[in-house]
Amino acid sequence: MFCVYCGKEIEDGSRFCPYCGASVQIEQENTAHRGSAVSNDLEKEKYLKKEKLEVVIVLAVTALILIYEMF
């Protein structure tokens, strides 16, 4: 499963995210009511969006560094 606050993958049944420290117990109870297939898709989508954002940021910083070094 994935932490809904930081998007990192965490062990199933975790009470707290080991990366950001957020309590995930409430989210586990909510996902049990929604159905595991739907919640897993939503978690994966959030995670992928965050990963895409990180890639864009890294590319932008790299481009800025390359442009700066040209001058």
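See above for the structure.
Computed from a prediction, not measured in an experiment: that's the story for all the values here.

Thresholds, definitions, all that
- Residues numbered from 1 in each chain as written.
- Predicted model: local features only at pLDDT ≥ 70, side-chain atom pairs only at ≥ 80, totals over all residues.
- Heavy atoms only, no water.
- Phe/Tyr/Trp six-rings, centres within 6.5 Å; stacked < 30°, edge-to-face > 60°.
- Helix = DSSP H or I, 4+ residues; strand = E, 2+ residues; numbered from the N terminus.
- Buried < 20%, exposed > 50% of the residue type's maximum accessible area, 1.4 Å probe, protein only.
- Lys NZ or Arg CZ within 6 Å of the ring centre and 35° of its normal.

1. A closer look at the packing of aromatic side chains
And then number 1: Throughout the structure, instances matching the rule amount to one aromatic pair.
And then number 2: The interplanar angle of 35° and the centroid separation of 4.8 Å between the aromatic rings of Phe2 and Tyr47 together place this pair among those described as tilted. Of this pair, Phe2 sits in the segment before helix H1 (25-34) while Tyr47 sits in helix H2 (residues 36-70), and the two are 45 residues apart along the sequence.
And then number 3: For Tyr47, a relative accessible area of 25% translates into the label partly exposed.
And then number 4: Lying across the ring of Tyr19, Lys8 places its NZ or CZ 5.8 Å from the centre.

Everything listed here is a matter of coordinates, which is why it stays silent on function.
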